[in-house]
Every structure is written in structure tokens, then in C-alpha cells.
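# Reading the structure
What follows is each chain in one-letter form.
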There are 2 protein chains.
Amino acid sequence: MSRIFNFSAGPAVLPLEVLQQAQAEMVDYRGSGMSIMEMSHRGKEYSAVHAEAMANVRELLGLTDEYEVLFIQGGASLQFAMLPMNFLPKDGAADYVNSGHWAAAAIKQARLVGQVKVVADCEKEIPARVPEAAELSWTPGAAYAHITSNETISGAQWKSFPVTDAPLVADMSSDILSRPFDAKPFSMIYAGAQKNLGPAGVALVVIRKSFAEKGSKGLPAMLRYVTYVENQSMYNTPPCYSIYMLALTTRWLKQFGLERMHRQNRDKAAKLYAAIDGSSFYRGTAAKHCRSDMNVTFRLPTEELEERFCTEASKAGLKGLKGHRSVGGVRASIYNAFPVEGVDVLIGFMKDFERRCG
Amino acid sequence: MSRIFNFSAGPAVLPLEVLQQAQAEMVDYRGSGMSIMEMSHRGKEYSAVHAEAMANVRELLGLTDEYEVLFIQGGASLQFAMLPMNFLPKDGAADYVNSGHWAAAAIKQARLVGQVKVVADCEKEIPARVPEAAELSWTPGAAYAHITSNETISGAQWKSFPVTDAPLVADMSSDILSRPFDAKPFSMIYAGAQKNLGPAGVALVVIRKSFAEKGSKGLPAMLRYVTYVENQSMYNTPPCYSIYMLALTTRWLKQFGLERMHRQNRDKAAKLYAAIDGSSFYRGTAAKHCRSDMNVTFRLPTEELEERFCTEASKAGLKGLKGHRSVGGVRASIYNAFPVEGVDVLIGFMKDFERRCG
């Protein structure tokens, strides 16, 4: 077995220990004589896994009993629709901050459901950034206010969250559990699992119970948050294996420690940004004060050099560095499970590449 | 490792060879240095898996180019909602056959969206059955006609499908790919994967392209079938690992042969029904002409004996035999991957139990 350094933006690298445990348990889960994939979701083995996944998230986010931890299929993209379907009334409006590609994607889906007010727009700005507090013109009486905590494509990240009168909702798909934060100001947080939580196939939704209860009552059951609240996300068969992997990944994170993970994430990103800033060959694409600790984006002098950089890096075992097809450039996604060593190897490669081609 | 006989109704037993292959490939998929769970869904390795899953389904169901094979999250339960949201207009009606628990669940969700006509109702009949052709009073001009090919809980299965003027739609969650059938009369077929196709976390949807295009245009992208058609089910990150397991499971089925699988399924079920009919202690709960080959349901003289039967069977390595909590009794789910040997062991156990307790 030879593992490569996987800079993929998501699905993304998982902790090796987690994969090895899943491998060992694949055919016979803890002497049950079955794979976790083959078990009734209402049986005692899977129920314990499901409960652990919820408890781990609750502990890591420091959630009070006011919140429920839900697991919903369809990724963050289905949340883009469920959120307004539940909470955006026909005669109301919801506030959205347009900070980039993913914020814009959420806005587009919400507009199919109701009225959206864009309270600030820096989607297309280069360098990429999130708005300053002073730029945000919140709508009085808005149904909710939506932000995107980290823009995976542009590499811009909120370093502190805005204060809003309306219920605050965040898409935290690409930086959830990468750093401690106070969940109390949020009415809802959602995140596709496939960056920091586990494999694709499940979205984590943390929701204030009183907010969930305000959701539209006429929707089909699978599109109502209360259905998941009332059934511990087992109204129908949940995506058991994705949730099992999420339980293992959050267990691994608990053992490592969230504060310690945050320091490691900052150090990993800081080293990479220092390598970029210390060179006139590489050039960061996000504004310095909101550079993402998860997705480090940069350009080279030409697109030809960028392509050669990614091709040669791939041959050297540094995979998935190509920027998103919508923006080009280079992107190093360095989520929780991405090893420190891989950052050092990338920096070494960057120096060598600059020496040869700069 | 000691595998038990897993009669679970779903999630259900998977082929041992498939699990062993998944285990071997878990940490390093075919020399890529990554797990299939960690890869970009747009990379060449996962794209090949995704394409194989679609091609296997297409081949096994004998689909023409008029059909698209889609993978959608949310299970059959989300299909209960997506189907009427897409195809049931405000001024129209859809026909549903109420053949049992799952048909009733589909009806309940459709009624939240629009007008439903129940063209026949035998939901609560004992013995369980599906309606005769003569009982079905289809509505002229119905938006579509919906059936449930196999009722997992009651153990009643359609042995031939009705002919309808309206587009025919079937929930085939619990018997898809257990037998050959002509897909041409169907406009849409859907099935949660966790019985015959793989693990939970993905639903297979086979849809006639011209039908998909008739879907409501105002819905959020994730709730429109055309979104999946136009993006080969990669509009957003698909549930990659569930689809990988579906690819392996359908590959295994292709190697075994669908006709041969059908014969094996019929033989497995026939042996069990013969054991039931040959005893006055056990009593089948589905009408003989529509007994399911997938879910064999029966009762014992008392609930106490049923509980003792399931407890002792479980100790003997025969797990998951307890009937659904809504109906009680005993249920042996014997999907494609359930081994012939396990049926023989169950019959032996039944004879011994009757001798001791009858």
C-alpha cells in the first residue's frame, strides 16, 4: 500500500486510522457476523453507531439541549432548497450574503422558492474576500440570514461571524469542525460531510429545535426538518455507512482534540501562505485577512505553468491540486485529515518547481 | 470471521465476495493511493465506477436509449415526494394502487402535493394480496399510475404488472433485479438500494427521458429529475461509496446471471412456502397467488411462540426474522444475496422448533 497526498477539495482525504478500522470491520462488524452495511438500521449495533455520531457532533460543537443534530441525505445542495422551503414564507424575504460560488448557489435555489435579499455581494471580486461587517445591510424582519462560512473555490473564509437579528444560518460544509466557535448565535448550521466529517452521502444539520418547529407544515415529510427531529433522523433508512464513517471520523477528532486540530490547521495553512508570500512566482488569490485555512488558492505566472505544476505534482504523489474548473489556478485543500507532512512536501515541490521554471 | 444468516428486510445481506472486494480496496483503491471515498467524484477512477454502475443497471434491465439511469439520495421515501412534485399538476390527479404499507406511504406523501385517486385498496386485507386486474378502476387522463411491485411488510408481490393508459410508475425497492421483466411499459421505476442493489444511501431511478422532461420547471434543482438526467447524477457530489457498492453488487449479479438468479429466488421461496404449507403449526400470511419471493411472512399459533421462535433462531445464527413492528409475526427476507444454504438451515430450524413446541 502506498498512500498519496490527496489535496482534493471534497470528497477529501480521511484519517488513515479511520479507513483501516472500517476495513477491519467491513465483513464482520465486531463479531456480529454482518457488515455494518447489512444491518437493520433499527438493530442495536447500528443504533449505537448512529447515537455515537450524534453525541460526538454535540460534544465537539458544544451544543446545548436547545439544538438537534440531524443527518439528511442530498448534501448541502438539498439544504439550499430545504432551508427556504421550510422557512421562507410567501410574503417574506430572506437575507443572503453572496461571498462566492457556494453562496451564489444557495441564493439561486432560494430564489426558486421565495424572495431573497442579497445584503452584500463580493462573489466575483479578486482578491476573493468576505464582506466587512459595515457592508452588511440586513433586512428588518427577514425570515433568516444566510452565510457561507468558507468558500471552497475562492479560498475566502469568515474569521468571525456577523451578528444578526434574524435567525442566523450557515453553510459550513468546508470548514465545520476545523476550529472551535460559539454555536449559540446560529439557528441552523449545515454541512455536506465530504470534507471534514466523512465520506459523501450525508449532510450534517444542526438546528435549534424552536426554529425547526417553525418550518412549513405542508411539505412532504422528507423535506421537513421536524420529521428528522422527531425521528432521530430515522424516519426512513438513513445512509448508515456514511454515518458510521462520520462516527469514526468525529471519534478520531475527539481523541485528537478540536483546539489542537485548530492549531494544526492554522499552522499548516500559515506555512503554505508563507511559501506563497515569500515568492514572487506564486500569488495568493484571497485577501490576506480572510484567507481560508482549509482551501489555499494561488496562481502561477501563466496557465501553462499552472497546468505543468499540477501535472508534475501529480506525478510526484501530490494529487488533486488543480483549481476548480470555474476559476482555474491551483488549490491545495488541507482539511483536518490532511497530514502536516503533505504540506511540507508540497512546499518543497513548490520551491523546486520555481527554481526550475521561475 | 463467522458470518450469520441475515434475514433482515433492509438494509440486508450483501454478497460476501462484494464485501471482501470492498474490504481489500478500502485504503488504496487499485493503486490510486486513496480510498474510493476520498476521491474527487469528477476524477477518472470514480467516474469509471459511476459509469459502470449505470451501465450494469442498463444491461440488467435491458433498457433502451429512451431511458436514463439516475442515482438520487433520500431513498424511496424522497421519491414518494419527488414523483408528485414533478408530475402531479394542480388541476390533475394521479392514480395509486394501495397494496399495503409502502403503497400507503407513497399515497400519503402524494396527497400533500396534489389529488390522489386510489384505484384499488387492499392495504389491510389478510391474507395480504395485490388487486386483480378487474378491480383496478383507472382514472382517464391521470397524470400517472403508481404501483408498489412488492410489499416488504406483508409479503405480497405483483406477479404480472397492470396495463395502464397513464404513465406507469413503480416502487420496486424490495424486488428490483430479483427477476427479469419488461421495462418498456414503465415511465419510471425507483428503488432504494438497500435490498437487492447495495447499501442504504442511494435510490436507483430509471426514467423515460420524455417523461422526465415533463416535470415541473419551478422546483429547486435537487428535486427535479431533469437535473439528474442532464448531469449524469453528478449535479452535486453523489453518494460515491453507495454507488461504488451498487456497481460491485450489479457486477456480481451480471456474472451470476439474472435468469439464473430468478430461478434461485423462486426455488428459495418455494422451499420455504412448502415448509409452511406442509405444517399446521406455521401459517403463511399472503395469498398464495401473490406470495413474495423476497419476503416470506408467516405466523405461529401465538405471539409468545413467535417471540420464542425469533429469539431461539437468533441464538442459532438466524438473525432478523422478527416481522415488522406494525404487523408482528415472522418475516424471512431472502433477497438475491441471501444464500440458499441459509434457507435450508431455517427450514431445519422450523421443523425442530415445531417438534419441540408444536
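Residue positions are given per chain, counting from 1 as you read along its sequence in written order. Here chains are named by letter from A upward and ligands by number from 1 upward, in the order in which they appear as written. With the structure being a predicted model, the display of local features is reserved for residues of pLDDT at least 70 and the display and counting of side-chain atom pairs for 80 or more, all residues being used for whole-chain, interface and lining totals. Note that the side-chain values use all heavy atoms of the structure and ignore hydrogens as well as water.

### Things to note about the pairing of strand 12 (residues 295-299) of chain B
Residue and element names in this part refer to chain B. A large share of strand 12 lies buried, amounting to five of its five residues. A 1.4 Å probe rolled over the protein chains alone gives each residue an accessible area, and that area as a share of the maximum for its type sets the label: buried under 20%, exposed over 50%, partly exposed in between. A run of H or I in DSSP becomes a helix once it reaches four residues, and a run of E becomes a strand once it reaches two; helices and strands are each numbered from the N terminus. Residues Asn295, Thr297 and Arg299 of strand 12 are buried on one face, and the alternating residues Val296 and Phe298, pointing to the opposite face, are buried as well. The rule for pairing is simple: two strands pair if DSSP sees at least two bridges between them. As paired strands, strand 11 (residues 283-284) and strand 12 are joined by two bridges and run antiparallel to one another. For Arg283, the partnering residue across the bridge sits in strand 12 and is Arg299. Examined bridge by bridge, strand 12 and strand 14 (residues 330-333) share four bridges and lie antiparallel to one another. Bridge pairing in strand 14 places Asn295 opposite Ser333.

### Some points on the sheet that holds strand 14 of chain B
Taken in spatial order, the three strands line up as 11-12-14 (chain B) in an open sheet, and their pairing is antiparallel. Edge strands, defined here as strands with exactly one partner in the open sheet, are strand 11 and strand 14 of chain B.

### Remarks on the relation of the copies chain B and chain A
At an RMSD of 0.0 Å, chain B and chain A line up after a rotation of 180° and a shift of 0.0 Å along the axis. Such a combination of rotation and displacement between the chain copies is what one expects of a two-fold axis. Contacts were defined at the residue level, with two residues in contact if any of their heavy atoms lie within 4.5 Å. An overlap of 100% is found between the interface residues of chain B and their copies at the interface of chain A, pointing to a shared contact surface. Copy-to-copy alignment: least squares on C-alpha atoms, limited to residues at pLDDT 70 or above in both.

### A short note on the sheet that holds strand 14 (residues 330-333) of chain A
All names here are of chain A. Across the sheet, which stays open at both edges, the three strands sit in the order 11-12-14 with antiparallel pairing between neighbours. The sheet terminates laterally at strand 11 (283-284) and strand 14, the two strands that pair on one side only. Across the face of the sheet, helix 8 (residues 258-277) comes into contact with strand 11, strand 12 (295-299) and strand 14 while running at roughly 10° to strand 12. Every axis corresponds to a line fitted to the C-alpha atoms, with the helix fit spanning only the stretch in contact, and the corresponding angles, defined between N-to-C directions, vary from 0 to 180 degrees.

### Side note on the interface of chain B and chain A
Opposite the 60 residues of chain B that make contact, chain A presents 60 residues. Values labelled buried area give the accessible surface lost by two parts on being combined, using a 1.4 Å probe and summing over both. Interface area for chain B against chain A, summed over the two sides, is near 4500 Å², with a carbon-plus-sulfur share of 62%. The largest per-residue losses of area from chain B upon contact with chain A belong to Val27(B), Met37(B) and Glu38(B), which jointly make up 15% of the total buried on that side. Salt bridges are defined by distance alone: a side-chain nitrogen of Lys or Arg within 4 Å of a carboxyl oxygen of Asp or Glu. Counting the contacts that link chain B with chain A gives two salt bridges. For Glu38(A), the salt bridge is made with Arg3(B), and the minimal N-O distance between the two is 2.7 Å. Polar contact criterion, stated in full: a pair of N or O atoms within 3.5 Å, where within protein one must be able to donate a hydrogen and the other to accept it, and residues adjacent in sequence count only if both atoms are side-chain atoms. In this structure, the connection of chain B to chain A is made through 21 residue pairs in polar contact (both at pLDDT 80 or more). At the level of elements, helix 1 (16-25), helix 3 (75-87) and helix 7 (240-256) of chain B are the ones that each hand at least two residues to the side of chain B that touches chain A. It is helix 1 of chain B that contributes the most residues to the side of chain B that touches chain A, six residues altogether. Residues are grouped as follows: Ala, Val, Leu, Ile, Met, Phe, Trp, Tyr, Cys and Pro are nonpolar; Asp, Glu, Lys and Arg are charged; all remaining types, including Gly, are polar. Tallied by class, the residues present in the side of chain B that touches chain A amount to 34 nonpolar, 21 polar and five charged.

### Focus: the packing of aromatic side chains
Centres within 6.5 Å make a pair out of two Phe, Tyr or Trp rings, where for Trp the six-membered ring is used; the pair is then stacked when the planes are under 30 degrees apart, edge-to-face when over 60, and tilted otherwise. By the definition in use, this model includes 41 aromatic pairs over all chains. A ring pair is formed by Phe7(A) and Phe338(A), whose centres lie 4.4 Å apart and whose planes are at 40°; its orientation type is tilted. Of this pair, Phe7(A) sits in the loop between strand 1 (5-6) and helix 1 (16-25) while Phe338(A) sits in the loop between strand 14 and helix 10 (340-357), placing them 331 residues apart in sequence. Phe338(A) carries the same exposure label as Phe7(A), and that label is buried. Centre to centre, the rings of Phe281(B) and Tyr282(B) are 4.9 Å apart; their planes meet at 85°, and the pair counts as edge-to-face. Look at Phe281(B) and you get buried, because its relative accessible area is 7%. Linked through ring pairs, Tyr29(A), Tyr241(A), Tyr244(A), Tyr29(B), Tyr241(B) and Tyr244(B) together constitute an aromatic cluster.

### Describing the packing of helix 1 of chain A against helix 7 (residues 240-256) of chain A
All names here are of chain A. Close contact between helix 1 and helix 7 brings their axes to 9 Å; oriented N to C, the two are set at 135°. The pairing of helix 1 with helix 7 is recorded here as oblique in orientation. Considering how the two elements wind past one another, helix 1 and helix 7 form a crossing that is right-handed. Only Tyr241, Tyr244, Met245, Leu248, Thr249, Arg251 and Trp252 of helix 7 make contact with helix 1, whose side of the interface consists of Glu17, Val18, Leu19, Gln21, Ala22 and Glu25. What sets the label is the angle itself: under 35 degrees gives roughly parallel, over 145 gives roughly antiparallel, 65 to 115 gives roughly perpendicular, and the rest give oblique. Note on convention: the crossing is left-handed when the near helix lies turned anticlockwise from the far helix by less than a right angle, right-handed when the turn is clockwise.

### Quick word on the pairing of strand 8 (residues 168-171) of chain A
The side chains of a regular strand alternate, residue by residue, between the two faces of the sheet. Residue and element names in this part refer to chain A. Residues Leu168 and Ala170 of strand 8 are buried on one face, and the alternating residues Val169 and Asp171, pointing to the opposite face, are buried as well. Two strands pair when backbone bridges link them, and strand 5 (residues 145-148) and strand 8 are joined in this way by four bridges, in the parallel orientation. If you follow Thr148 over to strand 8, its bridge partner there is Asp171. Sheet topology note: the strand 8/strand 9 (residues 186-192) ladder contains four bridges and is parallel. If you follow Asp171 over to strand 9, its bridge partner there is Tyr190.

### A short note on the domain arrangement of chain A
Residues and elements named next belong to chain A. Each assigned domain of chain A is listed here: domain 1 (16-255) and domain 2 (258-357). Each domain's limits were defined by an automated method or a database of domain assignments. For domain 1 versus domain 2, the separation of C-alpha centres amounts to 27 Å. Each side of the interface is counted separately: domain 1 has 26 residues, and domain 2 has 24 residues. Summed over both partners, the interface of domain 1 with domain 2 comes to about 2100 Å²; 57% of that surface belongs to carbon and sulfur atoms. At the boundary of domain 1 and domain 2, one finds one salt bridge.

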